Amino acid sequence: MSNLSKDIEEILITEEQLKEKVAEMGRIITKDYEGKNLMLICILKGAATFMSDLSRAIDLPLSIDFMAVSSYGCSTCSSGIVKIIKDLDMSIEKKDVLIVEDIIDSGLTLSYLRRTLLGRKPNSLKICTILDKPERRETHVKVDYSGFKIPDRFVVGYGLDFDEKYRNLPYIGVLKPELYN
Ligand code: PRP
Ligand code: MN
Ligand code: MG
């Protein structure tokens, strides 16, 4: 067993399933954004892995930018406080912006981002996430492209961390509870 896999209790979504889903999402986005001014905004750090795969699954000219926000007061709970750590480099005015996220949990990060970015006058603004935990939602967010709905379990991998580790796991796994208790 690999060094990282020994900390995983169960594989929730395999590497193959992720690959297929990302390809499918890329095809849908390619159709929807043909002739538009697509700009992908990656929400660091969790969405970096998904962004890298998704951008290459979209067969259109596009631009990319990165933003870092913090929403978690501690490593496993949501504080509801959202702060911009790193803002975008480019203007989004007149762009067809697609926010790329790894997971929507309480929804607080995205509802804040949506409000903030809409104020910058994009031509359109949509949200794309590979994972969604609907049970944990504290505020309504309209998700335009969603990969997998998952139960309320502590997942890591494919960009998602626990204490900044496990982001490089190629699949989505459930962390053994003894590691965070
Ligand atoms: C996680 C995740 C989302 C956000 C979702 O990021 O990547 O960005 O929380 O939570 P919410 O729906 O409750 O707001 P985190 O703040 O852990 O930072 P990271 O991406 O750098 O790991
Ligand atoms: Mn994140
Ligand atoms: Mg995190």
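This text goes with the structure placed above it.
Because the structure is predicted, anything quoted here is derived from the model rather than measured.

Caption draft 1: Broad picture of the overall build of the chain. In terms of regular secondary structure, the chain is built from three helices and nine strands. Reading the chain from its N terminus to its C terminus gives the helix and strand order β-α-β-α-β-β-β-α-β-β-β-β. The C-alpha radius of gyration of the chain comes to 16 Å, within 12% of the 16 Å expected for a compact globule of 181 residues. By its C-alpha atoms, the chain is 50 × 35 × 25 Å across when sized along the principal axes. Buried residues in the chain amount to 29% of all 181 residues. Sequence-distant contacts in the chain: of pairs separated by 6 or more residues, those separated by 24 or more amount to 66%.

Caption draft 2: Structural context of the site of ligand 1. The immediate surroundings of ligand 1 are formed by 18 residues, with Lys45, Gly46, Asp105, Ser106 and Thr109 found nearest. Those elements that provide at least two residues to the shell around ligand 1 are β2 (38–44), β5 (96–104) and α3 (108–118). The element contributing the most residues to the shell around ligand 1 is β5, with four residues. Of the residues in the shell around ligand 1, the class split is six nonpolar, seven polar and five charged.

Caption draft 3: Quick peek at the pairing of β2. The element β2 is extensively covered by neighbouring structure, given that six of its seven residues are classed as buried. Pairing analysis gives five bridges linking β2 to β5, with the strands arranged parallel. Bridge assignment links Ile41 to a residue of β5, and that residue is Ile99. Handedness of the β-α-β unit built from β2, helix α2 (residues 48–57) and strand β3 (residues 63–70) comes out right-handed.

Caption draft 4: Molecular detail of the nonpolar core. By size, the foremost hydrophobic cluster in this structure holds 37 residues, and its most contacted members are Leu40, Ile41, Ile99 and Val100. Listing elements by their share of this core, those giving two or more residues are α1 (15–32), β2, α2, β5, α3, β6 (124–132), β8 (155–156) and β9 (172–175). In this view, Ile99 contacts Ile41, Ile43, Leu110, Leu113, Ile127 and Cys128; residues no more than four positions away in its chain are not counted.

Caption draft 5: View of the sheet that holds β8. The three strands lie next to each other as β1-β9-β8, forming an open sheet whose pairing is antiparallel. The open sheet has two edge strands, β1 (8–13) and β8, and neither has a second partner. Pairing of β8 with β9 involves two bridges; the strand directions are antiparallel. Bridging from a neighbouring strand, Val156 pairs with Gly173 of β9.

Reading the values: the criteria
Residues numbered from 1 in each chain as written. Chains lettered and ligands numbered in written order. Predicted model: local features only at pLDDT ≥ 70, side-chain atom pairs only at ≥ 80, totals over all residues. Helix = DSSP H or I, 4+ residues; strand = E, 2+ residues; numbered from the N terminus. Rg over C-alpha atoms; globule rule 2.2 N^0.38 Å. Buried ≥ 20, exposed ≤ 12 C-beta atoms within 10 Å, placed from the backbone. Contact = placed C-beta atoms within 7 Å. Near = placed C-beta within 6 Å. Nonpolar A, V, L, I, M, F, W, Y, C, P; charged D, E, K, R; others polar. Pairing = 2+ DSSP bridges. Right-handed = clockwise from strand over helix to strand, strands pointing away. Core = buried A, V, L, I, M, F, W, Y, C linked by C-beta atoms within 7 Å.

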